[in-house]
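# Commentary on secondary and tertiary structure
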Amino acid sequence: MTHINVGRPENHRRDLVIVAVLLILSWSLAGLDSSQALGLTRVLRGSVLKPFLAADAAYEQRAGLATRAARLETERDDLYIRLQGATDLERENRELRAQLSLPERSPGSFVVAELVPGRPSIGDSHSFLLRSLALVGTHVPTGVSIPDGLVGVLRSISGGTGLGDFWTHPDFRVSVRSATGGATGIVRSFVAEGGETLMLVEGVPYQARMAEGAILETAGLGGVFPGGIRVGTVIEESASRSGWSHSYLVEPAVRPGAVRAVTAWNRASFVSGSAPQDSSATSFDEVVEEGGAVDGL
Amino acid sequence: MVVVALVILHFTLYRFLVRWPAMPNLLVGGLLLAALRMRAGYAAFLGFGLGVLEAAMGLEGLGTTSLVLALVGYLGARSRDLLFADARHYVFVYLFAGTWIAEVSLILAMPGGPNLLGALVLAPVSALGTAVVCGAAESVAASIRRP
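Small disclaimer: the values here were computed from a predicted structure and weren't measured.

### Some words on the overall build of chain A
Helix and strand counts for chain A come out as five helices and 12 strands. Out of the 297 residues in chain A, the part that is buried amounts to 32%. Sequence-distant contacts, at least 24 apart, represent 59% of the contacts inside chain A between residues at least 6 apart.

In structure tokens:
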């Protein structure tokens with residue numbers, strides 16, 4: 001390659017001022033909260049990046065169309081079978097609650113949305129976009145899940161688009177309980193020695209034990225996640241023990257990679273008097289007071 | 001022209017380029033080539049803009065990516081005086097070193113803590129690919145400009 005003529009002599013001081021301003025701008029961008037970052041991302045994805053995203057979406061739609069159709073057919077059959085079982089279960093539940101004089105079970109409604117995972121060129125993806133017009137008016141933060149289990153937390157919403165974090169995000173936390181109700185703890189992501197991302201449940205009381213293979217589900221404390229969503233399965237006790245509590249490694253119920261359709265919990269429709277009766281607190285307000293904002297911090 | 005082509009190619013082939021971490025980073029390669037022809041301040045500004053676009057595309061690291069690419073643009077333009085000579089392999093070394101530094105910086109700054117495998121193995125492979133692809137593109141463009 002031959003020498004490139006760079007033109008007039010450079011004014012280093014002016015360049016340094018420009019760089020300093022850009023550093024401050026970058027620092028400000030790093031400090032944006034989720035809703036502000038979503039606003040900027042939406043503007044860029046709707047303007048400069050729009051042609052690239054449209055081409056990408058068109059490719060994704062065409063690629064593997066037959067595979068997707070076959071998978072949808074399998075899912076439809078599976079859902080049909082589940083629906084048949086769920087109808088009977090719902091009726092039985094209603095009858096039992098009526099006999100025990102418990103209030104109507106109302107876990108709130110769910111919004112079905114399309115999930116677009118982040119694809120950073122460096123590092124792993126921890127964030128996602130949700131797209132659905134029904135998201136408007138949904139309170140955030142709120143849990144995002146699929147029938148198999150917990151996917152992550154929706155942080156902010158602008159129009160019909162939301163920005164959220166997968167459970168793999170280092171800042172993600174959710175309070176859990178064992179399906180039998182015997183032990184509780186806080187789950188966060190954990191990178192194992194082989195580089196595999198697992199979950200770690202911490203803060204399990206010293207006197208409580210979690211057996212290998214125990215199923216963990218959301219406790220519903222804090223009002224960010226509805227109770228009873230499957231989070232993962234206990235693998236073994238972790239070597240790291242802090243004070244008077246246990247930690248356990250957990251195999252996650254959902255690997256976020258292939259998830260495309262999810263449900264976001266619309267907790268605006270949650271009736272406070274109908275908090276899950278198997279939780280330790282007696283009302284939703286008390287649960288919020290005791291649990292604080294531990295979910296999805 | 002070759003810089004614009006590399007940046008457009010990066011965003012067009014984004015899905016395939018991010019699938020494997022060791023793929024060439026055409027965005028950083030394009031930025032480094034642009035920095036050879038620009039004043040350091042403008043190169044930093046270009047890096048900042050490309051960083052914001054990259055973060056919006058990948059939904060990660062808005063501040064981090066813009067900061068790292070702004071610094072890469074600035075340092076790329078400033079290092080031109082130190083490194084540049086009338087030899088083809090200097091561009092190759094410049095692209096390799098610049099991409100490696102950029103990728104290691106991004107890996108170390110991303111949430112979840114440092115990824116040693118990425119920094120020590122994947123980043124140099126990606127930098128090598130970037131140097132080959134972008135160096136070849138620059139050579140082809142130069143031969144077209146001066147037949």
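Still to come is the rest of the account.
### Concerning unusual backbone geometry
Leaving glycine aside, a negative phi is the common case for residues, and trans is the common case for peptide bonds. In this chain, Val140 of chain A is followed by Pro141 of chain A through a cis amide linkage whose omega measures -5 degrees. Tracing the backbone through its elements, the reader meets Pro141 of chain A in the loop between strand S2 (127-131) and strand S3 (142-146). Phi at Ser101 of chain A is positive, roughly 60 degrees, even though this residue is not glycine. By secondary structure assignment, the location of Ser101 of chain A is in the loop between helix H4 (65-99) and strand S1 (109-117). In this structure, Leu59 of chain B takes a positive phi of about 60 degrees despite not being glycine. Judged by local crowding, Leu59 of chain B falls into the buried class, with 23 C-beta atoms found within 10 Å.

### So, the domain arrangement of chain A
Residue and element names in this part refer to chain A. Assigned domains within chain A: domain 1 (103-170 + 257-288) and domain 2 (174-255). At the interface, 25 residues of domain 1 touch 22 residues of domain 2. Elements with a contribution of two residues or more to the side of domain 1 that touches domain 2: S3, strand S4 (149-158) and helix H5 (284-291). When its residues are assigned to classes, the side of domain 1 that touches domain 2 shows 13 nonpolar, nine polar and three charged.

### Remarks on the interface of chain B and chain A
Note: interface size is frequently given as the accessible area lost on complex formation between the parts. Between chain B and chain A, the contact holds 45 residues from the first and 43 residues from the second. Elements represented by at least two residues in the side of chain B that touches chain A include exactly helix H1 (2-12), helix H2 (14-17), helix H4 (40-58), helix H5 (62-83), helix H6 (88-109) and helix H7 (116-145) of chain B. Here the side of chain B that touches chain A gets 11 residues from one element, more than from any other, and that element is H4 of chain B.

### Side note on the sheet that holds strand S6 (residues 174-178) of chain A
All names here are of chain A. With respect to topology, six strands assemble into a closed barrel ordered S6-S7-S8-S11-S10-S9, the strand pairing being antiparallel. Going across the sheet, the axis of each strand differs from the next one's by a mean of 45 degrees, ignoring polarity. Both S6 and strand S7 (residues 184-191) contribute to a ladder of four bridges, which runs antiparallel. The residue of S7 that forms the bridge with Arg177 is Thr184.

### Remarks on the nonpolar core
Formed by 59 residues in total, the largest nonpolar core has its most connected members in Leu31, Ala43, Ala44, Ala70 and Tyr74 of chain B. For this core, the element with the highest residue contribution is H4 of chain B, accounting for 12 residues. Ala44 of chain B has contacts with Ile18, Val19 and Leu22 of chain A together with Ala70, Gly73 and Tyr74 of chain B, leaving out every residue within four places of it along the chain. In terms of nonpolar packing, the next biggest core, distinct from the first, is built from 40 residues, Val151, Met199, Val224 and Ile229 of chain A among them.

### Structural notes on the sheet that holds S3 of chain A
Within a sheet, each strand pairs with its neighbour through backbone hydrogen bonds, oriented either parallel or antiparallel. Residues and elements named next belong to chain A. Around the barrel, six strands lie side by side as S1-S2-S5-S4-S3-S12; this closed barrel has antiparallel pairing. On average, each strand axis in the sheet is inclined to that of its neighbour by 40 degrees, with strand direction left out of account. Two strands pair when backbone bridges link them, and S1 and strand S12 (residues 261-266) are joined in this way by six bridges, in the antiparallel orientation. The residue bridging Val111 from the neighbouring strand is Ala264, located in S12.

### Some thoughts on the packing of helix H2 (residues 34-46) of chain A against H4 of chain B
Close contact between H2 of chain A and H4 of chain B brings their axes to 9 Å; oriented N to C, the two are set at 95 degrees. With respect to their mutual orientation, H2 of chain A and H4 of chain B come out roughly perpendicular. Of H4 of chain B, the residues touching H2 of chain A (which contributes Thr41, Leu44 and Arg45 of chain A) are Val52, Leu53 and Ala56 of chain B. In terms of residue class, the contact of H2 of chain A with H4 of chain B is made up of four nonpolar, one polar and one charged.

### Concerning the pairing of S7 of chain A
The side chains of a regular strand alternate between the sheet's two faces. Residues and elements named next belong to chain A. Linking S6 to S7, which pair antiparallel, is a turn of five residues; within it Gly181 sits at a positive phi near 85 degrees. Of the pairings in the sheet, the one linking S7 to strand S8 (residues 197-205) comprises six bridges and is antiparallel in character. When the sheet's bridge partners are listed, Ile186 is paired in S8 with Glu202.

### Quick word on H4 of chain B
Three or four residues apart is the spacing at which side chains of an α-helix point the same way, because the helix has 3.6 residues per turn. Residue and element names in this part refer to chain B. Under the 1.5 Å per step criterion, the end-to-end length of H4 is 26 Å for 19 residues, consistent within 8% with the ideal 27 Å. The element H4 is largely enclosed, with a buried count of 17 among its 19 residues. Backbone geometry just after H4 places Leu59 at a positive phi near 60 degrees.

Definitions and cut-offs
- Residues numbered from 1 in each chain as written.
- Chains lettered and ligands numbered in written order.
- Predicted model: local features only at pLDDT ≥ 70, side-chain atom pairs only at ≥ 80, totals over all residues.
- Helix = DSSP H or I, 4+ residues; strand = E, 2+ residues; numbered from the N terminus.
- Buried ≥ 20, exposed ≤ 12 C-beta atoms within 10 Å, placed from the backbone.
- Contact = placed C-beta atoms within 7 Å.
- Domains from an automatic or database assignment.
- Nonpolar A, V, L, I, M, F, W, Y, C, P; charged D, E, K, R; others polar.
- Pairing = 2+ DSSP bridges.
- Axes fitted to C-alpha atoms, helices over the stretch in contact; angles between N-to-C directions.
- Core = buried A, V, L, I, M, F, W, Y, C linked by C-beta atoms within 7 Å.
- Parallel < 35°, antiparallel > 145°, perpendicular 65-115°, else oblique.
- Expected span 1.5 Å × (residues − 1).

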